[in-house]
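Structure at a glance
The lines below spell out each chain.
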Amino acid sequence: MGKQSEPIIIVRDLHKWYGDFHVLRGINVEVSPGEVVVICGPSGSGKSTFIRTINRLEEHERGDIIVDGIRLTNDVRNISAIRSEIGMVFQQFNLFPHLTVLQNITLAPIWVRKRPRREAEKLAFELLERVKIPEQAHKYPGQLSGGQQQRVAIARALAMQPKIMLFDEPTSALDPEMIKEVLDVMRELARSGLTMLVVTHEMGFAREVADRIIFFDRGEIVEENTPDGFFHAPKTDRAKQFLANILSH
Amino acid sequence: MTTTTAPTEGASSSSVTRPVVERGLLAWLHQNFFRTPFDVALTLIVLVIGGNLLVQFVEWSIAQADWTIITTNFRILMQGTYPAEQGGRLGLAVALITLIAGVSWGIWGKMFRATAFAFVGGVLIFIFVPLAAESLAEAPSGTFSAYLSGQLAPLFSLLREPVLLLVACLLIGYAVGRFAKQIDRKRAGRYTLIAWFVAIPVCFILVRGFTEPDGILPFVQTSRWGGLLLTFMLAFVAIVACFPLGILLALGRMSSGTHKLEFKAPPGWWLNPLQWLHALSIWWRNLGNYPIIKLLCIIYIEFLRGVPLVTVFFTANLIVPLALGDNSIDAVLRAMVALTLFEAAYIAEIVRGGLQALPPGQLEAAKALGLSPVQATLFITLPQALRIAIPPLVGQFITMFKDTSLVAIIGLTDLLGISRSVLAQSEFIGRHREMYVFVAIVYFVFSYGMSYAARQLERSGSGAFRKIG
Ligand SMILES: Nc1ncnc2c1ncn2[C@@H]1O[C@H](COP(=O)(O)OP(=O)(O)OP(=O)(O)O)[C@@H](O)[C@H]1O
Ligand SMILES: [Mg+2]
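These figures come from a predicted structure and were not determined experimentally.

1. Some details on the UniProt feature "domain: ABC transporter" (unreviewed entry) in chain A
- Residues given the UniProt feature "domain: ABC transporter" (unreviewed entry) here are residues 9-243 of chain A.
- End C-alpha atoms of residues 9-243 of chain A are separated by 27 Å, and the span's content is 38% helix alongside 26% strand.

What follows is the structure in structure tokens.
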């Protein structure tokens, strides 16, 4: 898959340092439109840092990131152009607690995309329908369960009609019974043909939904494989060890 | 507070009953003041000392105090030498503000039973004390009755009309607010906010005036503002002006140098005027991120926080006219400017504290959605930071209200300043206690009112702030 169309994300020789600490050491990745890529790896390996460089929540120091033909530089216009193409879902939801669910979802479409309020609200209700919580529109985030909050966060990101969605451990802060409701929504998104980069430890989800799995360790991509290949015949020892650790509990 | 006792056996053996909770005054007293021997000792000591002070104060105020210094100078204490025939304008301004305050209370606040009782009690006192005093007119001197008729009654009858009027305005406003809230809460809230924004300048114009002496609103020189009126105007103007300034300073101090644009010079760029323009535009667009702004904000804040307010008043009073080569700038205006500039530094630090208390994820989420830095600040971080900062902000506003008393040092006659000039009159020699007790009570009433209103404002957050996350 993906050979016939231009990659939508191109990352070439990406490096990043926190002070003296070399977090990302030469990352090369290409993602095709519609592809679902799962990123996994041990804690502290730089997964979050990597996906946050893609929408410039973190600056990189060397290498190129090209998203949908736009090269990420310090130019403010490029940054905001790229950010409105990319939706992001965080581990801690990061909903705006002083706004209602509806306001959370319509804020960016109204002020960044300059949509009329009525249109933005209509879209918001469609999205809430899609994440299966249309009845919560007028509540505040603090009044929702964790799973509901994360689904609102997904709807909020989708409201900008992004071409790419980034997920940084979207289910790690959730109780087990809420994980499924979020993963169900993500499965549905993957089927709809959205390009997705997902950092997760949900190996069942990865096996079922991913087109490709990227394994990170110490700031490098150690292995890139199909889900089948990765889970049944990992090529590297580090991946084998990681899988042994994660599947043992 | 309540006392819990051991759970009693329920009717059905399988279910656990709720512990029985003792209620009532005795249980409350026991729980709070007499639970341990240490509590008992502490309570008794405080009772003895406090009771002794109270008895002395009552004795003094009955046997020795002479409140005529307040009653004869009441008008001057309240409004200085503001022309008496224009006094109605002040009344109107106060009534307007009280009315809107009442409406806001009706919409955002709640009437607590204690508050209602306080109102009713206050009104009854103001109605009945003068009445009671009349019937006791010829009591022997030195007794409580004589004190009531000779001392308190004039004070209360002086205060009666204004107080009743204010309470009436407040309650009418409250009723209107409750009514409006029931019809359309959102719209009521919005109109009330607008009313505040309109009322503030309107009141200022009402007090100051602008026409010729025979016009509808004759201009009143600020040198004739005095007493509580001047205290209010100083505090009011400074609070309204230092708040936005403080927010800007806080944002300036929190700003960072990210998102800098680079100028990539093509070879021989200096020969091409278009490239010059390009370089210039990049320099200009980088300006908001220049560390120099941040540095200036830090210097400003730290400097003003490092000097006493009095020196700022003196500086404004002496150096500013010297620097401008012009002595005509109003002394009251100078004090307002000095107070505003000084307090803005404190407000800035409070707002910065609020901004730093926010989880970083809030700004990240705003950025990830494509909001510009200005939008992210206006819609996401600032509203939340201000909400967090309400208690310290109100504390600072109260401090500011009390700080205005320092203008007495530069010769302005605010409530404290004018009380000193009243004390200098020969017939009131030695009546310091009465005067300062009165002044303290006035400051207390308004400071407490502000802090009470702020607590109501905080609670009005309802669902929005039950849980952040
Ligand atoms: N702001 C920062 N300053 C300094 N070091 C940082 C910073 N953020 C992250 N790091 C370090 O960079 C490394 C990579 O962090 P990152 O958050 O990308 O890891 P991760 O793979 O997402 O781990 P996890 O699974 O725990 O989320 C970690 O060792 C972390 O301590
Ligand atoms: Mg992470």
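Right, picking up where we left off after that structure.
2. Here we look at the domain arrangement of chain B
Residues and elements named next belong to chain B.
- One can read the domain layout of chain B as domain 1 (83-219) and domain 2 (224-259 + 287-461).
- Computed from C-alpha atoms alone, the centre-to-centre distance between domain 1 and domain 2 is 26 Å.
- When domain 1 packs against domain 2, the two sides together hide about 1,100 Å² of surface, and 74% of this comes from carbon and sulfur.
- On the domain 1 side of the interface with domain 2, the three residues burying the most area are I200, F204 and V207, jointly 37% of the side's total.

3. Description of the environment of B:G354
Residue and element names in this part refer to chain B.
- Within the fold, G354 resides in helix α13 (residues 331-357).
- Residues G354 and I388, spaced 34 residues apart in sequence, show a C-alpha to C-alpha distance of 5.7 Å.
- With sequence-adjacent residues up to four places away left out, G354 is seen in contact with A385 and I388.

4. So, the pairing of strand β4 (residues 62-67) of chain A
Residues and elements named next belong to chain A.
- Bridging between strand β1 (residues 9-18) and β4 involves five bridges; their strand directions are antiparallel. Bridge assignment links V11 to a residue of β4, and that residue is I65.
- Taking the residues that link successive antiparallel strands as the turn, the β4-strand β5 (residues 70-71) hairpin has two residues, and the phi of D68 there is positive, at about 55°.

5. A word on the site of ligand 1
All names here are of chain A.
- For ligand 1, the full set of nearby residues is Y18, F21, V23, P42, S43, G44, S45, G46, K47, S48, T49 and E169.
- The contact in question runs from an oxygen atom of ligand 1 to an N or O atom on the side chain of K47, over 2.8 Å.
- Take S48: an N or O atom from its side chain is 2.6 Å from an oxygen atom of ligand 1.
- Protein chains shield 58% of the accessible area of ligand 1, which is 630 Å² for the free molecule.
- When residues of the shell around ligand 1 are assigned to their parent elements, the largest contribution, three residues, is made by helix α1 (residues 47-54).
- Taken together, the residues of the shell around ligand 1 sort by class into four nonpolar, six polar and two charged.

Parameters at a glance
Residues numbered from 1 in each chain as written. Chains lettered and ligands numbered in written order. Predicted model: local features only at pLDDT ≥ 70, side-chain atom pairs only at ≥ 80, totals over all residues. Heavy atoms only, no water. UniProt positions renumbered as here; feature names shortened; annotations may be inferred. Helix = DSSP H or I, 4+ residues; strand = E, 2+ residues; numbered from the N terminus. Domains from an automatic or database assignment. Buried area = accessible area lost by both parts, 1.4 Å probe. Contact = heavy atoms within 4.5 Å. Pairing = 2+ DSSP bridges. Near = heavy atom within 4 Å. Polar contact = N/O pair within 3.5 Å; in protein donor to acceptor, adjacent residues only side chain to side chain. Areas by Shrake-Rupley, 256 points an atom, 1.4 Å probe, with all protein chains shown as cover. Nonpolar A, V, L, I, M, F, W, Y, C, P; charged D, E, K, R; others polar.

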